[in-house]
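Examining the three-dimensional arrangement
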Amino acid sequence: MRYQRIPIPEDEGGVRAADFEEILHAYSKEEAILEAQRCLQCAMPFCVQACPITQDCRGYISLIAQEKFNEAALLTVQDNPLATVLCKTCYHYCEEDCVMGGKGTPIAIRHLKRAALEFGNGQVMYVPSAPKNQRIAVIGGGPAGIMAAWELCLRGYSVTIYEAQPFMGGQVETIPKYHLTGDELDWDLGRLRNLDLTFVTGKRAGVDFTPESLLQEGYLAVYVAIGASAPRILGIPGEHLPGVFAALPFLLAMNKGPEGLFGRKERQVVVVGAGDVAFDAARSSLRIAKGGQVTVIYRKGREDMPAGEDETTESEGEGLRFIFHRSPVRILGTGQVEGIVVQSTGAGPPDARGRPTVVLLPGTEETIPCDTVIVAAGEIGNVADLPKELDFKLGPQPWPEGKKPDWMTDVEGVFASGGQSVVYAMAAGTRTAEAIDAYVAKKTGRSPAPRPDPFARPIRAQLPEGYGGPTWHL
Ligand SMILES: Cc1cc2nc3c(=O)[nH]c(=O)nc-3n(C[C@H](O)[C@H](O)[C@H](O)COP(=O)(O)OP(=O)(O)OC[C@H]3O[C@@H](n4cnc5c(N)ncnc54)[C@H](O)[C@@H]3O)c2cc1C
Ligand code: SF4
Ligand code: SF4
C-alpha cells in the first residue's frame, strides 16, 4: 500500500514567478497509473459524495489504474461538460473527503482527471434527445449558465445563452494563465457543438433586453446566471486615482492582452485583500512588475487568510511580501498613486452572526509607498440594470438568486442562481435546469425528465468488464 501521493510535477518558485507558463505539469502515463492504483475503490466513495456535481471520479480512477485512458476520458466528460477547465481549476472538494487522506495524502483526483483527458480521447460530441421545440433562455455564459444549457439541451430543449461580454466563460476568463492556459474552455465547448445551443455575445440584460422581454418573445423560461462580477470598492479617499485597479478587470485585461492594464515595467504594487482573487492579482502583478515589489496587505493574520491552500502554498517562494493586521485608510497621490496609508488593526467584538471582527487602532497610521493599488475586496452581482420586480435574494452569497425553493424569482418563469466556485456554479446550473424542466413539464402536461445519457448510448457497453458504474448518487 502506497500512502503518499505520486508528486505532481511543478516548477520551482523562482522559475514560475518569471512568466505565465503553467505551474503544474501533467503526470506521465506511468505516474498517473501508479497514482490511480493507490485508490481503494471504496464501496461508499466519499470522494464522489463530496463532489458538487457528483462526478464519478472513483470510476475514472479505476479505468486509469487499468490503463484504459479512452474510457476514463469518456466517463469524465459524461457527467462534466467543463471537465477540461475543472481538471486544472477545481478546488478538489473530493480530495478533502478521500479516505486515503486519513493515513497519508488523498488520491490526486483532480490531477487524474487531467491525465484522463491528456492521454484519452474525451472529444466526443454530446447528443441531444429528440427536439421538444421549446425554447429556454439563459442570461450569463459562465459555468452556471453553460451547465444549465447543457442539461436542458440534452433533454431536447432549444437553448440560447445571452452573454454581456464578447466571449463565453464568465469569471473563468479571469483565471491567470499559470493556472489555465486559455484553450481549455474551447475544448469543453467543442463537445457541445451538436446540441441545439446558440451563444449570443455582447448583449446585456437590462440594457439590450430584459428577462420579461425574453418571455414575451416565446421563451418558456429564463435562467439568470449572471454571477458576481461587479467589484466591491473600499470606499476610501483616493480610490479613483489613476493607478488604482479593481482585481477583476485587472485580471481580465491581463488574460486578454499581453501587457494587461499597466504594462510590463518596474512597479511597486500593493494588493488589498487575501482571498483567492487577491492572490491571483498579486501573483499576476509579480510576473509583470519587472524587479519591482508586490505587497499584500490584509486586515487579519496569516492564519485567517481566506485564500485556499493551493494559492498560499503555490505562492511560497515566488517573492510576494505580506503585511498583516493592517487596513487601508486612504490612497495618496496627485494625478497618480504615490502611496497607501494603512492603520493597524486589533480584535473587535463579534458581529451579529458571532464572527470575529477587527477594529482600527488609533495612532497607528503608516504610509506604504507604491505606484499601483489593486483592490480585491470581493465581488457582487450587478443587478442595478435588471427589473426590480425580480426581487433577487442577495444575501450572504453575492450572486443573485431566486427566493423560491426552486430558485424561481418573483416573476413567473424567471429563475436565478450561481455558485462560489466553478464546480459549485455548475451544480447550481444543474439544480436550476432540473427546476426549469419541472416547471415547463408541469405547464405542458408531461413529467420532468432525468438527464439522459449524454452520448445516447447504453453507458455500460462502453465500460470495461468488472466496472459497475457509479454507485453513489445524492
Ligand atoms: C480571478 C478569479 C479566479 C478564480 N479562480 C477559480 C478557480 O481557480 N477555481 C474555481 O473553482 N473557481 C474560481 N473562481 C470562481 C469562479 O470563477 C466562479 O465561482 C464561477 O465562475 C461562477 O460562475 P457563474 O456562472 O455563477 O458566474 P460567472 O462566472 O460570473 O458568469 C456570469 C456571466 O454572466 C455575465 N453577465 C453578467 N451580467 C450580465 C447581464 N446583465 N447580461 C448578460 N450577461 C451578464 C458575465 O459577463 C459572466 O460571463 C475564480 C474567480 C475569479 C474572479
Ligand atoms: S469536479 Fe472537482 S470536486 Fe468534482 S471530482 Fe473533479 S476535482 Fe473533485
Ligand atoms: S475516497 Fe479516495 S480511495 Fe476511496 S474511492 Fe475515492 S479516491 Fe479512491
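The structure displayed is predicted, hence computed values, not measured ones.

Rules used throughout
- Residues numbered from 1 in each chain as written.
- Chains lettered and ligands numbered in written order.
- Predicted model: local features only at pLDDT ≥ 70, side-chain atom pairs only at ≥ 80, totals over all residues.
- Heavy atoms only, no water.
- Domains from an automatic or database assignment.
- Contact = heavy atoms within 4.5 Å.
- Buried area = accessible area lost by both parts, 1.4 Å probe.
- Salt bridge = Lys/Arg side-chain N within 4 Å of Asp/Glu carboxyl O.
- Polar contact = N/O pair within 3.5 Å; in protein donor to acceptor, adjacent residues only side chain to side chain.
- Nonpolar A, V, L, I, M, F, W, Y, C, P; charged D, E, K, R; others polar.
- Helix = DSSP H or I, 4+ residues; strand = E, 2+ residues; numbered from the N terminus.
- Axes fitted to C-alpha atoms, helices over the stretch in contact; angles between N-to-C directions.
- Parallel < 35°, antiparallel > 145°, perpendicular 65-115°, else oblique.
- Left-handed = near helix turned anticlockwise from the far one by under 90°.
- Expected span 1.5 Å × (residues − 1).
- Buried < 20%, exposed > 50% of the residue type's maximum accessible area, 1.4 Å probe, protein only.
- Near = heavy atom within 4 Å.
- Patch = residues over 30% accessible without salt bridge, like charges linked within 9 Å, V, L, I, M, F, W, Y side chains within 5 Å.
- Areas by Shrake-Rupley, 256 points an atom, 1.4 Å probe, with all protein chains shown as cover.
- Pairing = 2+ DSSP bridges.
- Phe/Tyr/Trp six-rings, centres within 6.5 Å; stacked < 30°, edge-to-face > 60°.
- Lys NZ or Arg CZ within 6 Å of the ring centre and 35° of its normal.

Turning next to the domain arrangement of the protein chain. Assigned domains within the protein chain: domain 1 (13-124 + 456-462), domain 2 (135-229 + 381-443) and domain 3 (231-379). Averaged C-alpha coordinates put domain 2 and domain 3 at centres separated by 31 Å. Listed as interface residues are 13 residues of domain 2 and, on the opposing side, 16 residues of domain 3. Interface area, domain 2 with domain 3, both sides summed: about 1,200 Å², of which 52% is carbon and sulfur. Here domain 2 and domain 3 share one salt bridge between them. As a salt-bridge pair, Glu173 and Lys256 come within 2.6 Å of each other at their nearest N and O atoms. Where domain 2 packs against domain 3, one counts five residue pairs in polar contact (both at pLDDT 80 or more). Each residue belonging to the side of domain 2 that touches domain 3 can be placed in one class, and the counts come to seven nonpolar, four polar and two charged.

Once that is clear, we can look at the environment of Val272. For Val272, the position within the fold is in strand β7 (residues 268-272). The spatial distance from the C-alpha of Val272 to the C-alpha of Lys393 is 28 Å, given a sequence separation of 121 residues.

Before going further, it helps to examine the packing of helix α9 (residues 143-154) against helix α15 (residues 422-443). Where α9 meets α15, the axes come as close as 7 Å, and the angle between the chain directions of the two elements is 40°. By the angle between their directions, the pair α9 and α15 is classed as oblique. In this structure, the crossing between α9 and α15 has a hand that is right-handed. Listed contacts from α15 to Pro143, Ala144, Met147, Ala148, Glu151 and Leu152 of α9 are Val422, Ala425, Met426, Gly429, Thr430, Ala433 and Ile436.

The next subject is α9. Here α9 is twelve residues long and its end C-alpha atoms lie 16 Å apart, about the 16 Å a rise of 1.5 Å per residue gives. Within α9, twelve of the twelve residues are buried, which leaves the element mostly enclosed by the surrounding structure. Buried within α9 we find Pro143, Ala144, Gly145, Ile146, Met147, Ala148, Ala149, Trp150, Glu151, Leu152, Cys153 and Leu154.

We now examine the site of ligand 3. In the region of ligand 3, the neighbouring residues are Cys39, Leu40, Gln41, Cys42, Cys47, Arg58, Ile61, Cys98, Val99, Met100, Ile107 and Ile109. For the shell around ligand 3, the per-class residue count stands at ten nonpolar, one polar and one charged.

We now examine the side chain of Glu95. Inspection of the secondary structure assignment puts Glu95 in helix α7 (residues 93-96). Overall, the relative accessible area of 9% leaves Glu95 in the buried class. Among all residues touching Glu95, those that are not within four sequence positions of it are Arg5, Pro106, Ile107, Ala108, Ile109 and Arg110.

Enumeration according to the criterion identifies 22 salt bridges in this entry. Across the salt bridge formed by Arg114 and Glu22, the nearest N and O atoms sit 3.3 Å from each other. Note that Arg114 is positioned in helix α8 (residues 109-119) and Glu22 in the loop between α1 (13-16) and α2 (29-37), a separation of 92 residues in sequence. Residue Arg114 shares its accessibility class with Glu22, and that shared class is buried. Across the pair Arg326 and Glu366 runs a salt bridge whose closest N-O atoms are separated by 2.5 Å. Of this pair, Arg326 sits in strand β10 (residues 326-333) while Glu366 sits in strand β13 (residues 366-369), and the two are 40 residues apart along the sequence. Glu366 sits in the partly exposed class, given a relative accessible area of 33%. Through salt bridges with shared partners, a single ionic network connects Glu22, Lys88, Arg114, Glu118 and Glu184.

Here we take up a nonpolar patch on the surface. On the surface, Met1, Tyr3, Leu40, Met44, Phe46 and Val99 cluster together to form a nonpolar patch covering roughly 570 Å² of accessible area. Structurally, Val99 is set in the loop between α7 and α8. What makes Val99 partly exposed here is its relative accessible area of 36%.

As a further point, take the sheet that holds strand β16 (residues 414-416). Taken in spatial order, the five strands of this open sheet run β3-β2-β1-β4-β16, and their pairing is parallel. Two strands in the sheet have a free side with no partner beyond their single neighbour: β3 (197-201) and β16. On average, adjacent strands in this sheet sit at an angle of 20° to one another, irrespective of strand direction. Relative to strand β4 (residues 221-224), strand β1 (residues 135-139) runs parallel, the two being bridged by four bridges. When the bridges of β4 are listed, Val138 appears paired with Tyr223. The sheet contacts of α9 involve β1, β2 (158-163), β3 and β4, and relative to β2 the element is tilted by about 170°. Along the sheet, α15 makes contact with β1, β4 and β16, crossing β4 at roughly 165°.

Summed over the entire model, instances satisfying the criterion amount to eleven aromatic pairs. Note on Tyr126 and Trp150: the rings are 5.4 Å apart at their centroids and 65° apart in plane angle, and the pair reads as edge-to-face. Remark: Trp150 occurs in helix α9 and Tyr126 occurs in the loop between α8 and β1; sequence separation between them is 24 residues. Summarising the aromatic geometry, the rings of Tyr162 and Phe209 are spaced 4.9 Å apart at their centres and angled 50° between planes, so their arrangement reads as tilted. One end of the pair, Tyr162, is in strand β2; the other, Phe209, is in the loop between β3 and α11 (211-216), and 47 residues separate them in sequence. On the accessibility criterion, Tyr162 (11% relative accessible area) is buried. For Phe209, a relative accessible area of 10% gives the class buried. An aromatic cluster is built from Tyr126, Trp150 and Phe455, whose rings are joined through pairwise contacts. Against the face of Tyr178 rests Arg287, its NZ or CZ located 4.0 Å from the ring centre. Arg302 extends its terminal NZ or CZ atom over the ring of Phe322, reaching a point 5.3 Å from the ring centre.

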